[in-house]
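Structural description and commentary
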Amino acid sequence: MTKTVTLIKGDGIGPEITEAVKTVFKAAQVPVSWEEENAGQTTLAECGELIPSSLIESIKKNKIALKGPLTTPVGKGFKSVNVQLRQIFDLYQNVRPCVTTEGVESRFKDVNLVIFRENTEGLYAGLEFFDERLQISDSVARVTWEGSYRIVKAAFEYADRMGCKKVTVVHKANILKSAGKLFLKAGEEVSKDYPHIELDDKIVDNMCMQLVIKPQQFDVVVATNLFGDILSDLCAGLVGGLGVVSGANIGDEVAIFEAVHGTAPDIAGQGKANPTALLRSAIMMLHHMDLREYADAIDHAINETLKHKEQCTGDLGGSATTEEFTNFVIEKIKK
Ligand code: NAI
C-alpha cells in the first residue's frame, strides 16, 4: 500500500536534493507518494505565511515529512522555521548518526556513533530579552526535568535496541549548576533501568577534545539542544562532512526527516550539492515506516557509489553533478 509523505523542498540546495530523493525513490519503486508543501521565505513571499496552514494540516494528516533545509536570517528577521516546526509537533528527539563510509575520506576509520540532541528547549526555547537602553541581552536556556528525561530515555532505549554498550551524557554541570545538573541527573535516573548499559558523562569542552582525538570510544551521545547542534556538525566533520550525514526529528506522533546541513547558499543552483545526506535521512524515514527492504536497497546503492571518487560530488573530492551522482546511485539499485 502506498503511503503519503509530506515533502518540503526548502531553500538553497533544497530543491536540487529533494529532486534527487524523488528520482531515487521512483527508480527503487518505493511505495511512497509525495504531498508537496513548502515553508519559510518562499511561502512568506508567495502567501504571506512562514508556515502555511496547509503544511501543518498535511503533516498532521501524514504524520511523516521529509524536509529540505530552510534559511534562517542571522541576527534579524523571522524565528527559525526549523525550530518552530520542531516545537509545534513536539519533535523532541533530534537523532543524528555519524558513521564512516568506505571511500569517503575522513581522518578516522570505524567511527560509528549517534547523537541524540534535545530538540525543543535549551537555548532554543526563544526566551531572549534585550534591554535597548542598557544594550544588554539575556538568553535563557530552559531545561526541564520532563524534557531531559524523555530525550535521555530515548537515547537509552535506542542503545538497548541496537545492543550499544555505552551512553554518554554531555553537559556543562560544572558551570551550569542548575540546568546542567538537571540534565545529568536525568541521565543518572534513566540509567537505573538499563544496568547493562554504561552511563558515561562528559563536560562538553572535554567531549569536543575527546571526539577529535578518539571518536571511536563513543557509541550513543545525548546532549541538550545547543551542545547537540554543535557536536553534530563536529561529528559530521569526522566522517566526511555535512554532505553525508543524516538526521531525524522524532516525536511521539510525528516525525520530520532532514539532513544536518543547511541551505548551502554558496553552491545553491549550481548542481554541486551532495544529495547523500538527504537520501540517508530518507533511508531513516523508510526504516521508521517499516519499509526496510527499500531502505536497504537504496543504502547499498549509495555506499557502492561513494566507493568511487569520480562518481562523487565536489565536497567529497569528485566532479559529479547532483544529477550525475543520483544517476550512479540509480544504476546500482537496478543491478
Ligand atoms: P550549511 O550547512 O548550509 O553550509 C556549510 C558548508 O557546508 C557550506 O560550505 C556548504 O556548501 C557545505 N554543504 C552543506 N551541505 C552540503 C551538501 N549537501 N553538499 C555539499 N556541500 C554542502 O551551513 P550555513 O552556511 O551555516 O547555513 C546556511 C543557511 O542554512 C542558514 O540560513 C542556516 O540558518 C540554514 N540552516 C538550516 C538548517 C535546516 O534547515 N535544518 C540547518 C542548518 C543551517
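Let me sum up the structure you'll find in this document.

**Considerations on the nonpolar core**
With 81 residues, the main nonpolar core has Phe 25, Leu 66, Phe 116, Val 220, Val 222 and Ile 298 as its most contacted residues. Shared between two domains, this core takes at least three residues from each, and those domains are domain 1 (1–103 + 240–335) and domain 2 (107–111 + 124–238). Contacts of Ile 298, omitting those with residues within four sequence positions, involve Val 24, Phe 25, Ala 28, Val 30, Ile 283, Leu 286 and Ile 333. Ile 56, Ala 65, Phe 78 and Leu 91 belong to the second largest nonpolar core, which has 16 residues in total.

**Here's the deal with the side chain of Ser 281**
Topologically, Ser 281 is positioned in helix 9 (residues 276–288). A relative accessible area of 0% means that Ser 281 is categorised as buried.

**A look at the packing of aromatic side chains**
Summed over all chains, the structure comprises 4 aromatic pairs. A ring pair is formed by Phe 25 and Trp 34, whose centres lie 5.3 Å apart and whose planes are at 40°; its orientation type is tilted. Residue classification places Phe 25 among the buried residues on the basis of a relative accessible area of 3%. One residue, Arg 117, lies across the ring of Tyr 124, its end atom 5.1 Å from the ring centre. The ring of Trp 145 has Lys 185 lying over it, and the distance from NZ or CZ to the ring centre is 5.7 Å.

**A look at the environment of Leu 199**
Tracing the backbone shows Leu 199 in strand 9 (residues 198–203). Through-space distance from the C-alpha of Leu 199 to that of Gly 187 is 7.5 Å; in sequence the pair is 12 residues apart. With residues near it in sequence (within four places) discarded, Leu 199 still touches Phe 156, Val 167, Val 169, Gly 187, Glu 188 and Ser 191.

**Brief notes about helix 3 (residues 53–62)**
Among all positions in helix 3, only Leu 55, Ile 56, Ser 58, Ile 59 and Asn 62 are buried. Across the axial projection of helix 3, the buried residues extend over an arc of 165°, all falling on one side. Against strand 1 (3–8), strand 2 (32–37), strand 3 (64–67), helix 4 (81–88) and strand 12 (255–258) lie the buried residues of helix 3. Just downstream of helix 3 lies Lys 63, where phi reads positive at about 70°.

**Regarding the site of the ligand**
In the neighbourhood of the ligand, 21 residues make up the surrounding shell, with Leu 70, Gly 262, Ala 264, Asp 266 and Asn 274 lying closest. Within the backbone of Thr 72, one N or O atom sits 3.0 Å away from an oxygen atom of the ligand. Contact distances for the ligand include 2.7 Å between an oxygen atom and a backbone N or O atom of Ala 264. A total of 820 Å² of accessible area belongs to the ligand in isolation, and the protein chains cover 70% of it.

**Concerning the sheet that holds strand 10 (residues 220–223)**
In space, the 10 strands of this open sheet follow the order 2-1-3-12-11-4-5-10-8-9, with mixed pairing throughout. Across the chains shown, the open sheet's two edge strands, defined by having one partner strand only, are strand 2 and strand 9. Mean inter-strand twist for the sheet, computed between neighbouring axes without regard to direction, equals 25°. Its contacts with the sheet put helix 8 (residues 225–238) on strand 4 (93–99), strand 5 (112–118), strand 8 (166–171) and strand 10, and the angle it makes with strand 5 is roughly 155°.

Parameters and conventions
- Residues numbered from 1 in each chain as written.
- Predicted model: local features only at pLDDT ≥ 70, side-chain atom pairs only at ≥ 80, totals over all residues.
- Heavy atoms only, no water.
- Core = buried A, V, L, I, M, F, W, Y, C linked by side-chain atoms within 4.5 Å.
- Buried < 20%, exposed > 50% of the residue type's maximum accessible area, 1.4 Å probe, protein only.
- Domains from an automatic or database assignment.
- Contact = heavy atoms within 4.5 Å.
- Helix = DSSP H or I, 4+ residues; strand = E, 2+ residues; numbered from the N terminus.
- Phe/Tyr/Trp six-rings, centres within 6.5 Å; stacked < 30°, edge-to-face > 60°.
- Lys NZ or Arg CZ within 6 Å of the ring centre and 35° of its normal.
- Arc of directions from axis to C-beta.
- Near = heavy atom within 4 Å.
- Polar contact = N/O pair within 3.5 Å; in protein donor to acceptor, adjacent residues only side chain to side chain.
- Areas by Shrake-Rupley, 256 points an atom, 1.4 Å probe, with all protein chains shown as cover.
- Pairing = 2+ DSSP bridges.
- Axes fitted to C-alpha atoms, helices over the stretch in contact; angles between N-to-C directions.

That's the geometry; what it means functionally is another story.
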